[in-house]
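Listed below, chain by chain, are the residues.
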Amino acid sequence: MRAGRRPLNRRTLFTAVFAAGTTLALGACSENDELADQAGSDQGYVSGSGVVSQVAVEDRGEPLELDFETIDGESMSLADLRPTPVVINLWYAACPPCRKEAPDLKSVSESFGDKAQFIGVNVRDQAAAANAFINNYQIPYPNMLDTNGDMVSLLSGVLPPQATPSTVVLDTEGRAAARVVGEVDASTLKGLIEDVRAE
């Protein structure tokens, strides 16, 4: 949607740009993280601001379906998580904005508890590097290694190619309701989840 067009309601598709880092409260584990302060879109990640889009209920596509295994060996299915809203975050360990957003993802996931299911999707690493990241940032929610690109392929109609980090919020029917391409902050993510829960 063009910036000059006025949305009809909160759920109308819109795009807004948020300045990266303006409201981001970094955890102690990443405050002195030099890698997290790097920036550059030529490095294989989306740097700078996160672009937020919401999709009106009537414009959402079909529910997203995927069975997968977590790094811990647990079998999960997107279908089994319904009617809980699902937050899918694409990341990899050496991605600076992924490191910067990790504390906010952790805090928001903990604040919602069982009212929203978070899933981390590692798009690049082997298990050792992914687990080191998860342990360092004390990520409490399940993560998967997307070795075969199954989740990325599933989200190809929602996200641009190689958009890491990215976050997608699924509604209670499993349909893509919102996305953030680039680093997400806590207040934005909370608002997107609350919008879906209020529907």
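Whatever comes next refers back to the structure up there.
Parameters at a glance
- Residues numbered from 1 in each chain as written.
- Predicted model: local features only at pLDDT ≥ 70, side-chain atom pairs only at ≥ 80, totals over all residues.
- Heavy atoms only, no water.
- Helix = DSSP H or I, 4+ residues; strand = E, 2+ residues; numbered from the N terminus.
- Buried < 20%, exposed > 50% of the residue type's maximum accessible area, 1.4 Å probe, protein only.
- Contact = heavy atoms within 4.5 Å.
- Areas by Shrake-Rupley, 256 points an atom, 1.4 Å probe, with all protein chains shown as cover.
- Axes fitted to C-alpha atoms, helices over the stretch in contact; angles between N-to-C directions.
- Left-handed = near helix turned anticlockwise from the far one by under 90°.
- Nonpolar A, V, L, I, M, F, W, Y, C, P; charged D, E, K, R; others polar.
- Pairing = 2+ DSSP bridges.
- Disulfide = S-S within 2.5 Å.
- Core = buried A, V, L, I, M, F, W, Y, C linked by side-chain atoms within 4.5 Å.

Counting its secondary structure elements, the protein chain contains six helices and nine strands. Burial status across the protein chain gives 47% buried among its 199 residues. A separation threshold of at least 6 residues defines the contact pool for the protein chain, and within that pool the share at least 24 residues apart is 74%. Within the structure as shown, the protein chain displays about 9,900 Å² of accessible surface, and the carbon and sulfur contribution to it stands at 46%.

This brings us to unusual backbone geometry. With an omega of 10°, the peptide bond between Arg82 and Pro83 qualifies as cis. Within the secondary structure, Pro83 sits in the loop between helix H2 (78-81) and strand S5 (86-91). The peptide bond linking Thr164 to Pro165 adopts the cis configuration, its omega dihedral lying at 0°. Here Pro165 shows up in the loop between helix H5 (150-154) and strand S8 (166-170). Located in the positive-phi region is Gln138, a residue other than glycine, with phi close to 50°.

Orientation of helix H3 (residues 96-112) relative to helix H6 (residues 186-198), taken along the N-to-C sense of each, is 35°, at an axis distance of 9 Å. Once H3 is placed against H6, the crossing between them reads as right-handed. Across from Asp104, Leu105, Ser107, Val108, Ser111 and Phe112 in H3, the residues of H6 making contact are Ala186, Leu189, Lys190, Ile193, Glu194 and Arg197. Split by residue class, the contact of H3 with H6 holds six nonpolar, two polar and four charged.

This next bit is on the pairing of strand S6 (residues 117-122). The buried count for S6 comes to five of six residues, which makes it a mostly enclosed element. Here six bridges tie S5 to S6, and the two strands are oriented parallel to one another. For Val87, the partnering residue across the bridge sits in S6 and is Phe118. When S6 meets strand S7 (residues 143-145), the two strands line up parallel, connected through three bridges. Looking at S7, one finds that Asn122 is bridged to Leu145.

Evaluated as defined, the whole model comprises one disulfide. One disulfide in the model links Cys95 with Cys98; its S-S distance is 2.3 Å. Every disulfide takes its handedness from the sign of the S-S torsion; for Cys95 and Cys98 that torsion is 80°, giving right-handed. In this structure, Cys95 and Cys98 share a single accessibility class: buried.

So, on to the pairing of S8. Of all five residues that make up S8, five are buried, and the element is covered over most of its length. Alternating positions in S8 separate into two faces, Ser166, Val168 and Leu170 on one and Thr167 and Val169 on the other, with burial throughout. With five bridges joining them, S5 and S8 adopt antiparallel strand pairing. If you follow Leu90 over to S8, its bridge partner there is Ser166. Turn length for the S8-strand S9 (residues 176-181) hairpin, with the two strands adjacent in sequence and antiparallel, is five residues, and the turn residue Gly174 shows positive phi of about 85°.

Attention now moves to the nonpolar core. Within soluble globular proteins, side chains that are nonpolar generally end up buried alongside one another. In terms of nonpolar packing, the biggest core is built from 29 residues, with Trp91, Val108, Phe118, Val169, Leu189 and Ile193 touching the most fellow members. The contact partners of Ile193, leaving out residues within four places of it in the chain, are Val87, Val108, Phe112, Ala116 and Phe118. Of all hydrophobic cores here, the second largest spans 21 residues; its members include Leu66, Leu78, Leu155 and Ala163.

Nothing here speaks to function; it is all geometry.
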